[in-house]
Amino acid sequence: MIQKTAALLGASLLALATPAFADDVAHDDHVDTLLADGEAAAPASALPTISFGTWGFDPAYLATDIKPGDDFNAYANKRWIDANPLPPEFSRIGAFVLLGEKSTADVKALMDELVAKDPASLSGDERRILDTYRTFLDTAAIEAAGLAPAQPFLDTIKRATTLNQLAMLWAAPGYASPIGGGVSIDAKQPDRHIATVGFGGLGMPDRDYYLDTTEKGRAIQAKYKAYLAFLLGEAGYADAAAMAEKVYAFEDANARTVQWDRAVRRNRDLTYNLLTADELAAIGGKVPVKAMIAAIGIENSPGFVVGQMPPTKEEIDALKLDSATLAKIGTGLPGMFALIGETPVEVLKAWMIKEFLSGNAAVLPARFDAASFEFYGKTLRGTPEQRPRWKRAIGEAEGLLGELIGKEYVARYFPPENKAAMDELVATLRVSLGQSIDEITWMGEETKAQARAKLASFDPKIGYRPNLETYEGLAITAGNPIANRMAAARWGQADNIAKLGQPIDRTEWGMLPQTVNAYYNSVKNEIVFPAGILQRPFFALSNDIAVNYGAIGGVIGHEIGHGFDDQGSKSDASGALRNWWTDADRKAFDDLGNRLVAQYNSFCPLDEGKTCVNGRLTLGENIGDVGGLSMAYRAYKIATKGKDVPVIDGLNGDQRFFLAWAQVWRSTQREENYRNRLRTDSHSPEEYRVNGVVRNLDEWYEAFGVKPGDAMYLPPEQRVRIW
Ligand SMILES: [Zn+2]
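Computed from a prediction, not measured in an experiment: that's the story for all the values here.

Asks: Got a minute to help me understand the overall build of the protein chain in this structure?
Replies: For the protein chain, the count of helices and strands is 30 helices and ten strands. Radius of gyration (C-alpha) of the protein chain: 25 Å, near the 27 Å computed for a compact globule of 723 residues. When the backbone C-alpha atoms are referred to their principal axes, the protein chain occupies close to 75 × 65 × 50 Å. Residues classed as buried in the protein chain amount to 61% of the 723 residues present. Pairs at least 24 residues apart make up 76% of the contacts formed inside the protein chain by residues separated by at least 6 positions. Within the structure as shown, the protein chain displays about 26,100 Å² of accessible surface, and the carbon and sulfur contribution to it stands at 54%. Seen as two clouds, the 77 positive and the 94 negative side-chain charges of the protein chain have centres 1 Å apart.

Asks: Would you take a moment to explain the packing of aromatic side chains for this structure?
Replies: A ring pair, where both rings are aromatic, is described by two values, the distance of the centres and the angle of the planes. One pass over the structure, following the stated rule, counts 42 aromatic pairs. For the pair Tyr701 and Tyr713, a centre-to-centre distance of 5.6 Å together with 90 degrees between the ring planes defines the contact as edge-to-face. Of this pair, Tyr701 sits in helix H30 (residues 698-704) while Tyr713 sits in the segment after H30, placing them twelve residues apart in sequence. For Tyr701, a relative accessible area of 5% puts it in the buried group. Aromatic ring contacts, followed pair by pair, group Trp442, Phe458, Tyr520, Phe564, Trp580, Trp581, Phe589 and Trp723 into a single cluster.

Asks: Would you take a moment to explain the sheet that holds strand S4 (residues 193-199) for this structure?
Replies: Pairing between sheet strands relies on hydrogen bonds along the backbone, with the strands arranged either parallel or antiparallel. The four strands are arranged S3-S4-S6-S5 in an open sheet whose pairing can be described as mixed. A strand with exactly one partner marks an edge of an open sheet, and here the two such strands are strand S3 (179-185) and strand S5 (273-275). Each strand axis lies, on average, 35 degrees off the axis of its neighbour in the sheet, ignoring direction. Pairing of S5 with strand S6 (residues 304-306), which is carried by three bridges, proceeds in the antiparallel orientation. Residue pairing for S6: Leu274 is matched across the bridge by Val305.

Asks: What am I meant to see in the side chain of Arg485 here?
Replies: Along the polypeptide, Arg485 turns up in helix H22 (residues 481-497). Arg485 sits in the buried class, given a relative accessible area of 7%. There is a polar contact of 2.9 Å between the side chain of Arg485 and the side chain of Glu396.

Asks: Is there a simple way to think about the pattern of salt bridges in this case?
Replies: Pairs may arise between side chains of opposite charge once their charged atoms sit close together. The final tally for this structure, using the stated rule, is 49 salt bridges. With a closest N to O distance of 2.6 Å, Arg679 and Asp212 form a salt bridge. Pair noted here: Arg679 is in helix H28 (residues 671-680) and Asp212 is in the loop between helix H9 (208-211) and helix H10 (215-234), with a separation of 467 residues, a long-range link. Notably, a salt bridge pairs Asp278 with Lys290, separated by 2.3 Å at the nearest N-O pair. One end of the pair, Asp278, is in helix H12 (residues 277-283); the other, Lys290, is in helix H13 (residues 289-296), and twelve residues separate them in sequence. According to the relative accessible area criterion, Lys290 is partly exposed, its value standing at 40%.

Asks: How do you make sense of unusual backbone geometry when you look at a structure like this?
Replies: Residues apart from glycine generally show negative phi values, whereas peptide bonds are mostly found in trans. A cis geometry characterises the amide bond from Arg536 onward to Pro537, with omega recorded as 15 degrees. In this structure, Pro537 sits in the loop between strand S9 (526-530) and helix H23 (545-550).

Asks: Any chance you could explain the confidence of the model for the protein chain here in plain terms?
Replies: Interpretation of this model should avoid reading the predicted coordinates in detail wherever pLDDT is low. Per-residue confidence for the protein chain gives a mean pLDDT of 94, with 94% of residues at or over 70. Between residues 1-28, whose pLDDT stays under 50, and residues either more than four places distant or in other chains, the model counts 90 contacts. Predicted confidence for residues 37-44 stays below pLDDT 50, and this span has 28 contacts to residues more than four positions away or in other chains.

Asks: Would you mind showing me how to read the environment of Glu686 here?
Replies: Residue position: Glu686 is located in helix H29 (residues 686-694). Residues Glu686 and Ala263, 423 residues apart in the sequence, show an inter-C-alpha distance of 19 Å. Within the structure, Glu686 has its side chain in polar contact with the side chain of Arg92 (distance 3.4 Å).

Asks: Would you mind showing me how to read the state of the cysteines here?
Replies: Throughout this description, disulfide means a covalent bond between two cysteine sulfur atoms. Summed over all chains, the structure comprises one disulfide. Across a sulfur-sulfur distance of 2.1 Å, Cys604 and Cys612 are joined as a disulfide pair. Here the S-S torsion is close to 95 degrees, and the disulfide linking Cys604 with Cys612 is therefore right-handed. By relative accessible area, Cys604 is classed as partly exposed at 25%.

Asks: Mind showing me how you'd approach helix H24 (residues 552-562) here?
Replies: In an α-helix, one turn spans 3.6 residues; hence positions three or four apart end up facing the same way. Counting buried residues in H24 gives eleven out of eleven residues, a clear majority hidden from the surface. For H24, the complete set of buried residues consists of Ile552, Gly553, Gly554, Val555, Ile556, Gly557, His558, Glu559, Ile560, Gly561 and His562.

Asks: Sorry, what's going on with the pairing of S9 here?
Replies: On a regular strand, one side chain projects to one face of the sheet and the next to the other, so that they alternate. For S9, a buried count of five out of five residues is recorded, marking the element as mostly surrounded by other parts of the structure. Burial along S9 is two-sided: Glu526, Val528 and Pro530 and Ile527 and Phe529, pointing in opposite directions, are all buried. For strand S7 (residues 459-463) and S9, the ladder comprises five bridges, and the chain directions are parallel. For Pro460, the partnering residue across the bridge sits in S9 and is Ile527. Between the end of strand S8 (residues 519-521) and the start of S9, which pair antiparallel, lie four residues, with Asn525 showing a positive phi angle near 45 degrees.

Asks: Just to check I follow, could you spell out the packing of helix H25 (residues 583-601) against helix H26 (residues 619-639) for this structure?
Replies: The geometry of a pair of packed helices is captured by two quantities: the angle between their axes and the separation between those axes. Between H25 and H26, whose axes approach to 10 Å, the crossing angle comes to 100 degrees. In terms of orientation, H25 lies roughly perpendicular with respect to H26. Contact with H25, carried on its side by Phe589, Gly593, Leu596, Val597 and Tyr600, involves Leu619, Asn622, Ile623 and Val626 of H26 and no other residues of that element. Of the residues in the contact of H25 with H26, the class split is seven nonpolar, two polar and no charged.

Asks: Would you explain the nonpolar core in this entry?
Replies: Soluble globular proteins tend to bury their nonpolar side chains together. Within the largest apolar cluster, 192 residues are counted, with the highest numbers of intra-cluster contacts made by Phe72, Phe538 and Phe658. A total of ten residues in this core trace back to one element, the largest contributor, which is H26. When residues no more than four places from it in sequence are discounted, the contact partners of Phe658 are Phe72, Leu629, Tyr633, Val694, Leu697, Glu699, Trp700, Ala703 and Phe704. Judged by nonpolar contacts, the second largest core, of ten residues, contains Tyr61, Trp80, Ile81 and Val97.

Asks: Just checking my understanding: could you explain the environment of Ile179 for this structure?
Replies: Mapped onto the secondary structure, Ile179 falls in strand S3. Exposure remark for Ile179: the relative accessible area of 1% places this residue in the buried category. The sequence separation of Ile179 and Arg586 amounts to 407 residues, and the corresponding C-alpha distance is 35 Å.

Asks: Help me understand the packing of H24 against H26, please; the structure alone is not making it clear to me.
Replies: Interaxial distance between H24 and H26 falls to 7 Å at its minimum, and their mutual angle equals 130 degrees. Between H24 and H26, the angle falls in the class oblique. Read as a crossing pair, H24 and H26 show a hand that is right-handed. Counted together, Gly553, Gly554, Gly557, His558, Ile560, Gly561 and His562 of H24 and Gly620, Glu621, Gly624, Asp625, Gly628, Leu629, Met631 and Ala632 of H26 form the full contact between these two elements.

Asks: Explain the environment of Glu143 here, please?
Replies: When you line up the elements, Glu143 lands in helix H6 (residues 139-145). Separated by 220 residues in sequence, Glu143 and Val363 have C-alpha atoms that sit 9.1 Å apart. In this view, Glu143 contacts Pro365, Ala366 and Arg367; residues no more than four positions away in its chain are not counted.

Definitions and cut-offs
- Residues numbered from 1 in each chain as written.
- Predicted model: local features only at pLDDT ≥ 70, side-chain atom pairs only at ≥ 80, totals over all residues.
- Heavy atoms only, no water.
- Helix = DSSP H or I, 4+ residues; strand = E, 2+ residues; numbered from the N terminus.
- Rg over C-alpha atoms; globule rule 2.2 N^0.38 Å.
- Buried < 20%, exposed > 50% of the residue type's maximum accessible area, 1.4 Å probe, protein only.
- Contact = heavy atoms within 4.5 Å.
- Areas by Shrake-Rupley, 256 points an atom, 1.4 Å probe, with all protein chains shown as cover.
- Lys, Arg positive; Asp, Glu negative; His and termini not counted.
- Charge placed at Lys NZ, Arg CZ, Asp CG, Glu CD.
- Phe/Tyr/Trp six-rings, centres within 6.5 Å; stacked < 30°, edge-to-face > 60°.
- Pairing = 2+ DSSP bridges.
- Axes fitted to C-alpha atoms, helices over the stretch in contact; angles between N-to-C directions.
- Polar contact = N/O pair within 3.5 Å; in protein donor to acceptor, adjacent residues only side chain to side chain.
- Salt bridge = Lys/Arg side-chain N within 4 Å of Asp/Glu carboxyl O.
- pLDDT = per-residue confidence, 0-100.
- Disulfide = S-S within 2.5 Å.
- Parallel < 35°, antiparallel > 145°, perpendicular 65-115°, else oblique.
- Nonpolar A, V, L, I, M, F, W, Y, C, P; charged D, E, K, R; others polar.
- Core = buried A, V, L, I, M, F, W, Y, C linked by side-chain atoms within 4.5 Å.
- Left-handed = near helix turned anticlockwise from the far one by under 90°.

Structure, rendered in structure tokens:
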């Protein structure tokens, strides 16, 4: 979680590096990632492998007994999936995850070189990296130290006797906080920074886990309470079970009354609420809001953006919010202040203590790590075995000093030719979208002019940022992993708060060079592709061109597509949150989106058709996929125009294009993980990122001869074509 927070700090809503906020950070208002992170699994020894054959896709995997039109994902991927059962360390495995494992192994090779070096010859930066890694790995020392390294922080929490004192800790880096503040780019004035104030407070991944009344849901709640009781018992509470009930009740009230439904929370018309400090203090109730924002260092911000503020009557009317939507909107930040005000200080302290222990379980004695994994790994994801320590140690070092490591990573692993090839791919995708904007009939000329301006202002970032972070002043203490985490939290908060009043740093990235992922950031209108993802299955210089366009081309299209998805489309060419659509065009676009919502709502993979994909929660990602792949297809045609496209292994270019897209999503997962992600992940499950997408593209029907009667067949009038 620290890793995630550090990686996204520049664009995060909240600056506190605690588990309570990791969720909000990961689902940042304006950053869309290609794949949700938080994958807590990796192999102990033998990894499954994927052959990419000679041109980027190995046709030996094709399930020739399955008609592509019946189940395209199975046609492309089932053979590999059937031959590669999930190793016990994984909650999910596939092409994407395995490339992430390769990145970890590549960083490990760099780390091994540092380990082998004469200590006297290590540079200061090398020593910091190595100390972070080794300190995390040294479980004997962690065991021997017991709770001693955590004790000063636990004691600080225990010493507090008033809400005012607790609020000062919530402002301090490294302590878990149910409410917090940080600095972000102002979504409505993206040339300036502004303070944000938000809240978290749930120990389970989503409010739905608290509301669940099924047998499975109740069993998870019971296990969570047992975990809380364990943590509080370790912290010295005499009646830990009773206090665990009170802490749970605090979170439960938060889930039931305060938190918004995850899908509604995506609506940017509802989540930009600019308040003054006085207005903030007025809703603060017993919480000393002004003292808290002063302690954080954001008191001089030109305003305070709050995500979850209940809509006013005027907003409800203007946005035509129906009763079903309103029922999903909690009391938000005012409600959170009120809940805190009515919760005994002793309960808030216990909540902070369990958060501190849970958030740092990986660097506490093994019983903490095991208990954390038992709940978050086994119960919530179905993963039988903990990820090997060395991989987690790489993750720790990347979380604390990731860009320092990234500097070595790109020097070793990122060929400059990759950047040149990507520049060309991105340029062709832009030409493709430009042609689509010219041709589409659902958008009028007035809106098209704005869309073209937005397309022209896209800022592509490829490989790594040139001025990688040096973490100046972040001191690493060999042998004390908690001290290192607290130091990183201090450094991160100071770095974040210092942005206030400063110009926007357009060179800053929200991902590390070695990260296998990509993102779109609406306030900068940027699409970002780290070096880590520019490998197979996504990309290789030696790949067939159809494969590169179907894979990384589809990903580029996906990220550009976020600029025009249901929420990204609310930002203009400058990145400003502003309606640039005519009413008629917006309605036409919303209608296309609503049809996709209905399509994806009908994908119900679990419980005999009763547990389904949430089409509204995943709409932005699905628009990215459907629009992005059609963009990539057109770009592929542009790139191969007038060229002889050969048949390879019996597959023509169009077929190879679509198979490359399917291969990216070749994946399987455990049922518990599946349930978790259906609830929390804004991305559709992998099989629908294949089948849900291609069935909307006429070109796929032609490529594979898909006909009425085939299971995936959609009549042309039901296909959704955005670009
Ligand atoms: Zn995305």
